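# Per-entry structural report
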Amino acid sequence: MNDYFPQHAPLTQFPVQDNCLQVGGISLTRLAQRVGMTPFYAYDRQKISERVALLRRHLPADVLLHYAMKANPMPAVVQHLASLVDGIDVASIGEMKVALDTIVSAKNISFAGPGKKPHELSCAIAAGIVLNAESLQEVELIAQLGEQLSITPKVAIRINPDFELKSSGMKMGGGPKPFGIDAENVPEVLMRIGKLGLHFVGFHIFCGSQNLNATAICEAHTKIFQLGAQLAGHAPSPIRLLNIGGGFGVPYFPGERALNLAAVSENLQHLMSKMQQQFPETRIALELGRYIVAEAGIYVCRVLERKQSRGQVFLITDGGLHHHLAASGNLGQVVRKNYPVLIGNKVQGIETEIVSVVGPLCTPLDVIAERMQMTKAYAGDLVVVLQSGAYGLTASPTAFLNHPLPMEVLV
Ligand SMILES: *Cc1c(COP(=O)(O)O)cnc(C)c1O
């Protein structure tokens, strides 16, 4: 009946009771009343904890687990994760402030990203967090600022490797990149770090985001360990930390399957055992964003109007790309695909239909679901976008058309 709009694999992360989605143990209808407005994002605290527990169960015991908070910087979420992870990775001074408000010790917070400004670096040095330096120029600036503050800065080098992470949704390393220091230039920078007397911590290598291919991730990890070992010989002091990045993907689209964490872990265990012999001081950190929070979050908006146009049904809602750019397909998707979307207060419809869910913006890009099969819905019903805990609100152009901001709740 509907062969050109494949359905998503059943996504079972949230229970359904009386045909209504339950988030954080609360029915969606009740939660919407409690929040008092739509649209909103809801993040399920227990789901986040379970995700970290899953990682801890599978990963080698001595892997450090860091949270890359740009995936979801809501302070309540970061506070919740602070008690569960070993460190936080920040990418701006705003994120740094949120991370410093948690119980995570400054030495376990790292700051990455190109174009860090002197003021930001000074604050970070004073805080005592680790700076992942992205260029020689930045290393020089860090040294200069440390001297002014009479503090020895903690520095790690972010390396732009000479290989790519295959089948990644978004490539962040390999070839010419604004991120990190090209691997071939790292020995020179290490020598400079030694001369400048900075506190050298180790290496940071992050290749790409949203990867569901365990083989590709294993291959990248193997190469990261090789590169780390090879460059360690040039370092002014032993490598204390090898941060191997994040990038574990989650399934969003029909046909996608969850990452084989066991395969990634087995390879990692093997690499770590070998590393341990040659570099006993080196600890390994994974910095995951998406994988930790994506599946724990939903975006909820309300149907304002049901409209027919030349045989097609449109549900016009109060939410859209200004709150959830990723679900609209405009955040790095080449061919637009539907996120998993459903009618949260009528999950299993007696009557279903093919509809497009759109937002209130005056642009054809403002699409939440394009011709998806779902329960027949009317004004007042709640549209839910699943898999929305990462790169949702934080990655959206909220000022576009100047509609009100959505709420965010952790339940
Ligand atoms: C964004 C980012 C991450 C997290 O990536 P995910 O794909 O969300 O796991 C990790 N490290 C750095 C440096 C990043 O910029």
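From a predicted model like this one, the values you see are computed outputs, not experimental measurements. (Residues numbered from 1 in each chain as written. Predicted model: local features only at pLDDT ≥ 70, side-chain atom pairs only at ≥ 80, totals over all residues. Heavy atoms only, no water.)

### Looking at the pairing of strand 2 (residues 20–23)
Operational definition: Think of it in three bands: with a 1.4 Å probe and only protein chains considered, a residue is buried below 20% of the maximum accessible area for its type, exposed above 50%, and partly exposed in between. Starting at the N terminus, helices and strands are each numbered in turn, a helix being any DSSP run of H or I of at least four residues and a strand any DSSP run of E of at least two. What makes two strands pair is DSSP finding at least two bridges between them.
Burial along strand 2 is two-sided: Cys20 and Gln22 and Leu21 and Val23, pointing in opposite directions, are all buried. Strand direction decides the pairing type here: strand 1 (residues 16–17) and strand 2, joined by 2 bridges, are antiparallel. Bridging from a neighbouring strand, Val16 pairs with Leu21 of strand 2. Here strand 1 folds back onto strand 2 in antiparallel fashion, the turn holding 2 residues, of which Asp18 has a positive phi close to 50°. Both strand 2 and strand 3 (residues 26–27) contribute to a ladder of 2 bridges, which runs antiparallel. Counterpart to Val23 in the pairing with strand 3 is Ile26.

### Overview of empty space enclosed by the protein
Using the following cut-off: Here a cavity means grid points, on a 1 Å grid over the protein atoms only, where a 1.4 Å probe fits yet cannot get out; a pocket means an open set of points with protein on both sides within 12 Å along at least five of seven lines; lining residues are those with an atom within 4 Å of a point. Grid points are joined across faces, edges and corners, and a volume is the space filled by probe spheres set on the points. Any residue outside Ala, Val, Leu, Ile, Met, Phe, Trp, Tyr, Cys, Pro, Asp, Glu, Lys and Arg is labelled polar, Gly included; the first ten of those are nonpolar and the last four are charged.
On inspection of all chains with the given rule, the structure shows 4 cavities of 30 Å³ or more. If you add up the space inside the second largest cavity, you get close to 50 Å³. Along the walls of the second largest cavity sit His66, Asp89, Ser110, Val130, Asn132, Ala156, Val201, Gly202, Phe203, His204, Leu241 and Asn243, which together make up its complete lining. Broken down by secondary-structure element, the contributors of at least two residues to the lining of the second largest cavity are strand 8 (130–133), strand 12 (199–204) and strand 14 (241–243). Class assignment for the residues of the lining of the second largest cavity results in 5 nonpolar, 6 polar and 1 charged.

### Some thoughts on the site of the ligand
Definition in use: Here, proximity means that at least one heavy atom of the residue falls within 4 Å of the molecule or strand. Any N or O atom pair separated by 3.5 Å or less is treated as a polar contact, with the protein-specific requirement of one donor-capable and one acceptor-capable atom, and with residues adjacent in sequence counted only for side-chain atom pairs. The Shrake-Rupley method, run with a 1.4 Å probe, gives the accessible areas here. Residue values count only the displayed protein chains as cover.
For the ligand, the set of nearby residues contains 14 residues, the closest of which are Lys70, Ser209, Glu287, Arg290 and Tyr391. Contact between the ligand and Gly247: an oxygen atom at 2.9 Å from a main-chain N or O atom of the residue. Glu287 is positioned such that a nitrogen or oxygen atom in its side chain is 2.6 Å from a nitrogen atom of the ligand. If the ligand stood free it would expose 380 Å²; the protein chains cover 93% of that surface. By residue class, the composition of the shell around the ligand is 5 nonpolar, 5 polar and 4 charged.

### Description of the packing of helix 2 (residues 45–58) against helix 9 (residues 261–278)
What counts, and what does not: Axis definition: a line fitted to C-alpha atoms, limited for helices to the stretch in contact. Angles are taken between N-to-C directions and run from 0 to 180 degrees. The labels follow the angle: roughly parallel below 35 degrees, roughly antiparallel above 145, roughly perpendicular from 65 to 115, and oblique for the rest. For this analysis, residues touch if any pair of their heavy atoms sits within 4.5 Å.
Interaxial distance between helix 2 and helix 9 falls to 9 Å at its minimum, and their mutual angle equals 45°. When the axes of helix 2 and helix 9 are compared, the pair comes out oblique. Along its contact with helix 2, which presents Leu54, Leu55 and His58, the element helix 9 presents Leu261, Ala262 and Ser265.

### Considering the pattern of salt bridges
A side chain of one charge can pair with a side chain of the opposite charge when the charged atoms of the two come close. To keep it simple, the criterion reads: Any carboxyl oxygen of Asp or Glu within 4 Å of a side-chain nitrogen of Lys or Arg constitutes a salt bridge here.
Summed over all chains, the structure comprises 12 salt bridges. With a shortest N-O distance of 2.7 Å, Glu138 and Lys116 are connected by a salt bridge. Here Lys116 lies in the loop between strand 7 (109–111) and helix 5 (118–127) and Glu138 lies in helix 6 (residues 136–149), a separation of 22 residues in the sequence. On the accessibility criterion, Glu138 (6% relative accessible area) is buried. The exposure class assigned to Lys116 is buried, which follows from its relative accessible area of 7%.

### Here we look at the domain arrangement of the chain
Put simply, the test is: Where each domain begins and ends is defined by an automated method or by a domain database. As a working definition, buried area equals the accessible area (1.4 Å probe) given up by two parts on being put together, with both sides summed.
In terms of domains, the chain is made up of domain 1 (2–43 + 295–410) and domain 2 (73–288). One C-alpha centre belongs to domain 1, the other to domain 2, and the line joining them spans 34 Å. Counting from both sides, the interface comprises 16 residues of domain 1 and, opposite them, 11 residues of domain 2. Here domain 1 and domain 2 share an interface that buries about 1,200 Å² over both sides, 71% of which is from carbon and sulfur atoms. The interface formed by domain 1 and domain 2 includes 0 salt bridges. Inspection of the domain 1/domain 2 interface yields 1 residue pair in polar contact (both at pLDDT 80 or more).

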